[in-house]
Amino acid sequence: MADDRLIVALDVPNALAALKLTETIGDTVSFYKIGLGMLTGGGLAVANELKQEHGKRIFLDMKLFDIGATVEAAVRGLAQFDLDFLTVHGDPHVVRAAKEGAAGKDLKILGVTILTSLDREDLDASLIKPGDIRDLVQERAARAFEAGADGVIASPQEAAMIRALPQAEGRLIVTPGVRPAGAALGDQKRVATPANAIADGADHIVVGRPVWQAESPRAAAEAIVAELAEL
Ligand code: C5P
């Protein structure tokens with residue numbers, strides 16, 4: 001049976017490939033993430049079909065960032081699609097605007113703290129204030145929660161530190177960068193196993209390539225669900 005703590009990232013190029021993959025996976029997965037890469041390939045249509053026809057939960061990973069009025073309008077439009085999770089950058093003005101746009105809908109707004117692909121040198125280049133990245137991540141998570149975010153995206157290494165924040169009480173932590181033991185890392189650097197990420201305070205884990213690139217995506221997903229069941 002599916003475990004909705006597992007979210008599978010549908011990082012395939014188009015709607016056809018996505019629907020074929022979800023058919024192969026079947027009942028083992030109940031929650032899917034659709035990202036920017038599939039937006040022009042029918043991403044929103046896939047979201048609709050998976051939700052309406054197959055009862056799946058949907059995480060739309062748009063990482064929105066703009067002036068408040070534009071974010072609010074974008075979220076109000078996206079909220080018509082009956083989505084479950086939507087990402088925006090965790091800047092307080094963006095989170096507040098997204099929450100306004102989602103008002104009255106059962107759509108959770110998740111804030112991105114600092115992209116896990118960025119290092120200190122990248123932050124310097126973007127004129128982000130000095131300091132250890134982990135401290136900045138924790139500070140941004142706290143501010144996103146204070147602005148009303150229903151949750152944040154964090155690397156598994158950051159999950160425990162964010163879970164410890166008083167502001168995190170009752171909020172969600174969703175972690176990509178998860179690799180079952182023995183799986184290829186790809187470009188992910190700071191990874192944890194599904195069980196470790198959950199044990200450190202994540203509510204949901206996002207797993208992409210270890211599932212969709214597997215010879216048997218269904219068996220790969222089943223193995224993760226089994227690992228979570230042992231917790
Ligand atoms: O294939 P993999 O398991 O690495 O996919 C992880 C998914 O999570 C991808 O869709 C990736 O874009 C997303 N993600 C991430 N790191 C972040 C934010 C999102 O890997 N910090």
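Considerations on the site of the ligand
Turning to step 1, where the next piece is worked out: The environment of the ligand is formed by 13 residues, the closest being D11, R179, Q188, G208 and R209.
Turning to step 2, where the next piece is worked out: The separation between an oxygen atom of the ligand and a polar side-chain atom of D11 is 2.7 Å.
Turning to step 3, where the next piece is worked out: R179 places a polar side-chain atom, nitrogen or oxygen, 2.8 Å from an oxygen atom of the ligand.
Turning to step 4, where the next piece is worked out: Summarising the interface, the protein chains cover 82% of the accessible area of the ligand, which totals 470 Å² for the free molecule.
Turning to step 5, where the next piece is worked out: In this structure the site holding the ligand corresponds to the largest pocket.
Turning to step 6, where the next piece is worked out: Looking at the shell around the ligand, the elements with two or more residues in it are strand 8 (204–207) and helix 9 (209–212).
Turning to step 7, where the next piece is worked out: Residue composition of the shell around the ligand, by class: five nonpolar, three polar and five charged.

Here we look at the environment of L165
Turning to step 1, where the next piece is worked out: Relative to the helices and strands, L165 resides in the loop between helix 7 (156–163) and strand 7 (172–175).
Turning to step 2, where the next piece is worked out: Sequence separation between L165 and Q138 is 27 residues; the distance between their C-alpha atoms is 8.1 Å.
Turning to step 3, where the next piece is worked out: Beyond its immediate sequence surroundings of up to four residues, L165 is in contact with Q138, A141, A142 and F145.

What about the environment of L60?
Turning to step 1, where the next piece is worked out: With respect to the element layout, L60 can be found in strand 3 (residues 57–64).
Turning to step 2, where the next piece is worked out: Of the residues examined, L60 reaches a relative accessible area of 0% and is grouped as buried.
Turning to step 3, where the next piece is worked out: Measuring from C-alpha to C-alpha, the distance between L60 and V95 comes to 15 Å, with 35 residues separating the pair along the chain.
Turning to step 4, where the next piece is worked out: When near neighbours in sequence (up to four residues on either side) are disregarded, L60 contacts I34, L44, L78, L83, F85, L86 and T87.

Details of the packing of helix 1 (residues 15–25) against helix 10 (residues 217–229)
Turning to step 1, where the next piece is worked out: Between helix 1 and helix 10, whose axes approach to 8 Å, the crossing angle comes to 60°. As judged from the angle between their axes, helix 1 and helix 10 are oblique. Between helix 1 and helix 10 lies a crossing whose hand is right-handed. Touching L21, T24 and I25 of helix 1 are P217, R218 and A221, all from helix 10.

Details of the pattern of salt bridges
Side chains that differ in charge, positive against negative, can pair when their charged atoms come close.
Turning to step 1, where the next piece is worked out: Applying the stated rule across the entire model yields 14 salt bridges.
Turning to step 2, where the next piece is worked out: Among the salt bridges present, the one from R218 reaches E222, with a minimum N-O distance of 3.2 Å. Pair noted here: R218 and E222 are both in helix 10, with a separation of four residues, about one helical turn.
Turning to step 3, where the next piece is worked out: Residue class for R218 comes out partly exposed when judged on its relative accessible area of 32%.
Turning to step 4, where the next piece is worked out: Here E222 falls in the partly exposed class, since its relative accessible area comes to 37%.
Turning to step 5, where the next piece is worked out: What you see here is one network of salt bridges that share partners, running through D4, K51, R57 and D84.

About the cut-offs
- Residues numbered from 1 in each chain as written.
- Predicted model: local features only at pLDDT ≥ 70, side-chain atom pairs only at ≥ 80, totals over all residues.
- Heavy atoms only, no water.
- Near = heavy atom within 4 Å.
- Polar contact = N/O pair within 3.5 Å; in protein donor to acceptor, adjacent residues only side chain to side chain.
- Areas by Shrake-Rupley, 256 points an atom, 1.4 Å probe, with all protein chains shown as cover.
- 1 Å grid on protein atoms, 1.4 Å probe; cavity = no way out; pocket = protein on both sides within 12 Å on 5 of 7 lines; lining within 4 Å.
- Sits in = over half its atoms within 2 Å of the grid points.
- Helix = DSSP H or I, 4+ residues; strand = E, 2+ residues; numbered from the N terminus.
- Nonpolar A, V, L, I, M, F, W, Y, C, P; charged D, E, K, R; others polar.
- Contact = heavy atoms within 4.5 Å.
- Buried < 20%, exposed > 50% of the residue type's maximum accessible area, 1.4 Å probe, protein only.
- Axes fitted to C-alpha atoms, helices over the stretch in contact; angles between N-to-C directions.
- Parallel < 35°, antiparallel > 145°, perpendicular 65-115°, else oblique.
- Left-handed = near helix turned anticlockwise from the far one by under 90°.
- Salt bridge = Lys/Arg side-chain N within 4 Å of Asp/Glu carboxyl O.

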